[in-house]
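Remarks on the overall topology
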Amino acid sequence: MRRIAVVPGSFDPVTRGHLDVIERASGLFDELHVLVVHNPGKTALLPISQRVSLLQRSILDAGLPGNIVVASWGMGLLVEYCTEVGASVLIKGIRSQVDVAYETPMAIVNRNLAAVETIFLLPDPANAHVSSSLVRQVAALGGDITPYVPPAVAAFLQKTRV
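What counts as what
Residues numbered from 1 in each chain as written. Predicted model: local features only at pLDDT ≥ 70, side-chain atom pairs only at ≥ 80, totals over all residues. Heavy atoms only, no water. Axes fitted to C-alpha atoms, helices over the stretch in contact; angles between N-to-C directions. Helix = DSSP H or I, 4+ residues; strand = E, 2+ residues; numbered from the N terminus. Parallel < 35°, antiparallel > 145°, perpendicular 65-115°, else oblique. Contact = heavy atoms within 4.5 Å. Salt bridge = Lys/Arg side-chain N within 4 Å of Asp/Glu carboxyl O. Buried < 20%, exposed > 50% of the residue type's maximum accessible area, 1.4 Å probe, protein only. UniProt positions renumbered as here; feature names shortened; annotations may be inferred. Pairing = 2+ DSSP bridges. Right-handed = clockwise from strand over helix to strand, strands pointing away. Patch = residues over 30% accessible without salt bridge, like charges linked within 9 Å, V, L, I, M, F, W, Y side chains within 5 Å. Areas by Shrake-Rupley, 256 points an atom, 1.4 Å probe, with all protein chains shown as cover.

**Here's the deal with the packing of helix 2 (residues 48-61) against helix 6 (residues 151-160)**
- Orientation of helix 2 relative to helix 6, taken along the N-to-C sense of each, is 140°, at an axis distance of 8 Å. In terms of axis orientation, helix 2 runs oblique to helix 6. Between helix 2, through Gln50, Leu54, Arg57, Ser58 and Asp61, and helix 6, the contact on the second element is made entirely by Ala152, Val153 and Phe156.

See below:
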């Protein structure tokens, strides 16, 4: 039986912290779906198709394993996607107690709805302070985002001045 997991997120944009979690999770499962999802509670900087493209490029450039599938999911329950691809586990990167408090109720509901378990992965301490919203803010104010994002993301954001 293949072990399949999903790493969901808005990835707006993908950060080095995201890649760290993706890389470590890819070693734990036979197949890892990195799923760009629409978050109705956030105003997106980049369209979903651009986030998918930047994720694919960043994963390729980082030399991550070939068991990673990048996809998107616009509407509906996350566990519906998990059921569709045969995933029994969600992977969530957790930076702080705030993330734990936010993610725990969703993890319980996902388990109740579809028997999908959630595994929390802690970030590398070098990335624990980085979030996509922080990167967007620094970029909007003209700051250097290269320490926080993969090269493809930095180049794209600098070129488009989004």
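**Some words on the pattern of salt bridges**
- Enumeration over the complete set of coordinates arrives at nine salt bridges.
- A salt bridge links Asp20 to Arg24; its shortest N-O distance comes to 3.1 Å. Here Asp20 pairs with Arg24, and both are found in helix 1 (residues 16-26), just four residues apart, close to one helical turn.
- Taking relative accessible area as the criterion, Arg24 reaches 34% and is therefore assigned partly exposed.
- Across the salt bridge formed by Lys92 and Glu103, the nearest N and O atoms sit 2.6 Å from each other. Of this pair, Lys92 sits in strand 4 (residues 89-93) while Glu103 sits in helix 4 (residues 97-114), placing them eleven residues apart in sequence. The two residues Lys92 and Glu103 agree in class, both being buried.
- Taken together, the shared-partner salt bridges in this structure form one network comprising Asp12, Arg51 and Arg136.

**Let's talk about the UniProt feature "site: Transition state stabilizer" (unreviewed entry) in the protein chain**
- The feature "site: Transition state stabilizer" (unreviewed entry), as given by UniProt, occupies His18 in the numbering adopted here.
- Take His18: it is sitting in helix 1.
- Dropping the residues within four chain positions of it, His18 is found in contact with Phe11, Pro13 and Ser132.

**Considering the pairing of strand 5 (residues 117-121)**
- When strand 4 meets strand 5, the two strands line up parallel, connected through five bridges. When the sheet's bridge partners are listed, Leu90 is paired in strand 5 with Thr118.
- Crossover strand 4 to strand 5 through helix 4 is right-handed.

**Considerations on a nonpolar patch on the surface**
- A cluster of nonpolar side chains, namely Leu77, Val109 and Leu113, defines an oily patch on the protein surface of about 270 Å² accessible area.
- Residue placement: Val109 occurs in helix 4.

**Considering the side chain of Ser10**
- Among the structural elements, Ser10 can be located in the loop between strand 1 (4-9) and helix 1.
- If near-sequence neighbours (up to four positions away) are discounted, Ser10 is found in contact with Val36, Val37, Lys42 and Arg51.

**What to know about helix 6**
- Every buried residue belonging to helix 6 is among Ala152, Val153, Ala154, Phe156 and Leu157, and all of these are buried.
- Those residues of helix 6 that are buried are in contact with helix 2.
- One or two residues past the end of helix 6 sits Arg161, with phi positive at roughly 50°.

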